[in-house]
Amino acid sequence: MMKIHIKGMMNYAFGSAFYILLMFWLFPSFAGNNAALDELIKSLPASVTNAFNLGSGFGTVEGFISGEYYGLLLVLIVAIFCILFSTQLMAKLVDQGAMAYLLATPVTRGKVAVSQALVFVTGLAIIMAVTTLCGFAGYALFIGNLSAFHGAAYLRMNLAAFLLFFAVGGIAFLVSSLANDEKKALGLSAMLTFGFFSLDFIGKLSEKIDWLRSLTYFSLYDPSGIIVGEAEVGLAWSILTAIGVVAFVAGILLFRRRDLPL
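Residues numbered from 1 in each chain as written. Predicted model: local features only at pLDDT ≥ 70, side-chain atom pairs only at ≥ 80, totals over all residues. Heavy atoms only, no water.

*Asks:* How would you summarise the pattern of salt bridges if you had to cite specific residues and measurements?
*Replies:* A full pass over the atoms with the stated rule returns two salt bridges. Its salt-bridge partner being Lys 204, residue Asp 200 comes within 3.5 Å of it at the nearest N-O pair. A residue pair is termed a helical-turn pair when its members lie 3 or 4 positions apart in one helix, as Asp 200 and Lys 204 do in helix H10 (residues 182-204) at four residues. The two residues Asp 200 and Lys 204 agree in class, both being buried. (Salt bridge = Lys/Arg side-chain N within 4 Å of Asp/Glu carboxyl O. Helix = DSSP H or I, 4+ residues; strand = E, 2+ residues; numbered from the N terminus. Buried < 20%, exposed > 50% of the residue type's maximum accessible area, 1.4 Å probe, protein only.)

Okay, structure coming up:
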């Protein structure tokens, strides 16, 4: 499975690497106007600032990256990976009949499901590792001495992103494990993922509907808060980890027991 999917994993990893390097390359052009941009951000309503993850401002490269890349673009790129990849690993094989060939070998359903889950987590880890390393490389290439880079905060932001997508991927994997139709699995996973993301985004726009954020796990991901040291990461990371583990385990167990149209 790794041989089959490694090219797709690396495509997403290189795509993420390209965009984060682009962000570091663009930062110096904003650096001369940091004060003016920060004043502009302060003049915006707090709801707009929160919705677009601009709370850390543009005063530092970490703040710029957290808002411009980790707040939205990375979420979209890796969320699409989670939805498509989890569907390819499970529901697509059932839909196309390829799962029958796998199960015809002396391998149990449980081993197949566990292997697919590990392939997914490995792919996610590769994407986030490449993104993280390219962040350090981008700073060294386009900004300056790495000793001035707040590497610890940057690493925490990447770990938070990994745990978010671990939860997103776990739910998509659970859906894919229960589906016989690839398109239905893809549609339901996309609806759940972007539905939860939309609830979080809308909830940030007004204090009157802030309660919507309590319905979604995306509210546990706050890259700007991590950079400025305001995010409570312990509980948030524990919940995201628990969501991912429970979803993957449930997907594996239910796949072992369900009837398959083979």
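There's more to say after this.
*Asks:* Describe the packing of helix H9 (residues 151-178) against H10, naming the residues involved and giving the relevant values.
*Replies:* The geometry of H9 relative to H10 is characterised by a closest axis approach of 9 Å and an angle of 150 degrees between their N-to-C directions. Viewed along their axes, H9 and H10 adopt a mutual orientation that is roughly antiparallel. In terms of crossing hand, the pair formed by H9 and H10 is right-handed. Across from Val 168, Ile 171, Ala 172, Val 175 and Ser 176 in H9, the residues of H10 making contact are Ala 185, Leu 188, Ser 189, Leu 192 and Thr 193. Of the residues contributing to the contact of H9 with H10, the split by class is seven nonpolar, three polar and no charged. (Axes fitted to C-alpha atoms, helices over the stretch in contact; angles between N-to-C directions. Parallel < 35°, antiparallel > 145°, perpendicular 65-115°, else oblique. Left-handed = near helix turned anticlockwise from the far one by under 90°. Contact = heavy atoms within 4.5 Å. Nonpolar A, V, L, I, M, F, W, Y, C, P; charged D, E, K, R; others polar.)

*Asks:* Pulling in residues and values, what's your account of the nonpolar core?
*Replies:* Residues Ile 65, Tyr 70, Leu 74 and Phe 165 are the most contacted members of the largest nonpolar core, which totals 63 residues. Considering every element that reaches this core, the biggest residue donor is H9, with 13 residues. Here Ile 65 is in contact with Met 23, Phe 24, Tyr 70 and Met 157, once residues within four sequence places are set aside. (Core = buried A, V, L, I, M, F, W, Y, C linked by side-chain atoms within 4.5 Å.)

*Asks:* Outline the environment of Ser 176, supporting the account with residue identities and numerical values.
*Replies:* On the secondary structure map, Ser 176 appears in helix H9. Take Ser 176: its relative accessible area is 1%, and that puts it in the buried class. Spatially, the C-alpha atoms of Ser 176 and Lys 92 are 8.3 Å apart, while their sequence positions differ by 84 residues. What Ser 176 contacts, discounting residues up to four positions off in sequence, is Ser 86, Thr 87, Met 90, Ala 91 and Ala 185.

*Asks:* A description of a nonpolar patch on the surface should follow, citing residues and the corresponding values.
*Replies:* Taken together, Trp 25, Leu 141 and Phe 142 make up a surface patch of nonpolar side chains, about 350 Å² in accessible area. Among the structural elements, Leu 141 can be located in helix H8 (residues 109-142). (Patch = residues over 30% accessible without salt bridge, like charges linked within 9 Å, V, L, I, M, F, W, Y side chains within 5 Å. Areas by Shrake-Rupley, 256 points an atom, 1.4 Å probe, with all protein chains shown as cover.)

*Asks:* Which residues make up the side chain of Ser 16, and what values go with them?
*Replies:* Position of Ser 16 among the secondary structure elements: in helix H1 (residues 2-31). Residue Ser 16 is classed as buried on the basis of its relative accessible area, which comes to 0%. Of the polar contacts made by the side chain of Ser 16, one reaches the side chain of Tyr 69; its length is 2.7 Å. In this structure, Ser 16 is in contact with Tyr 69, Leu 74, Ile 127 and Thr 131, ignoring residues within four places of it in sequence. (Polar contact = N/O pair within 3.5 Å; in protein donor to acceptor, adjacent residues only side chain to side chain.)

*Asks:* Describe the packing of aromatic side chains, naming the residues involved and giving the relevant values.
*Replies:* For the structure on display, the rule yields 20 aromatic pairs. With a centroid separation of 5.2 Å and an interplanar angle of 70 degrees, the aromatic rings of Tyr 12 and Phe 81 are classed as edge-to-face. With Tyr 12 in helix H1 and Phe 81 in helix H5 (residues 73-89), this pair connects stretches of sequence that are 69 residues apart. On the accessibility criterion, Phe 81 (1% relative accessible area) is buried. Centroid distance Phe 81 to Phe 120: 5.7 Å. Interplanar angle 20 degrees. Geometry classified as stacked. Here Phe 81, found in helix H5, pairs with Phe 120, found in helix H8; they are 39 residues apart in sequence, far enough to count as distant. Per residue, the accessibility class of Phe 81 equals that of Phe 120, and both read buried. Members of the aromatic cluster, each reached through a chain of ring pairs, are Tyr 12, Phe 81, Phe 85, Phe 120, Phe 162, Phe 166, Phe 173 and Phe 248. (Phe/Tyr/Trp six-rings, centres within 6.5 Å; stacked < 30°, edge-to-face > 60°.)

*Asks:* Pulling in residues and values, what's your account of the packing of H8 against helix H12 (residues 233-257)?
*Replies:* Where H8 contacts H12, the axes come no closer than 8 Å and their chain directions differ by 150 degrees. Looking at the two axes, H8 sits roughly antiparallel to H12. Where H8 crosses over H12, the two elements pack in a sense that is right-handed. On H12, the residues touching Arg 109, Gly 110, Ala 113, Val 114, Ala 117, Phe 120 and Val 121 of H8 are Phe 248, Ile 252, Phe 255, Arg 256 and Arg 257. Among the residues making up the contact of H8 with H12, the classes are represented as eight nonpolar, one polar and three charged.

*Asks:* So, H5: which residues are in play, and what are the values?
*Replies:* Here H5 contains 17 residues, and its C-alpha end-to-end distance of 24 Å stays within 8% of the 24 Å for a straight helix at 1.5 Å per residue. In terms of burial, H5 is a largely internal element, twelve of the 17 residues being buried. Taken as a whole, H5 has its buried residues at Leu 74, Val 75, Ile 77, Val 78, Ala 79, Phe 81, Cys 82, Ile 83, Phe 85, Ser 86, Thr 87 and Leu 89. (Expected span 1.5 Å × (residues − 1).)

Read these as geometric descriptors, not functional statements.
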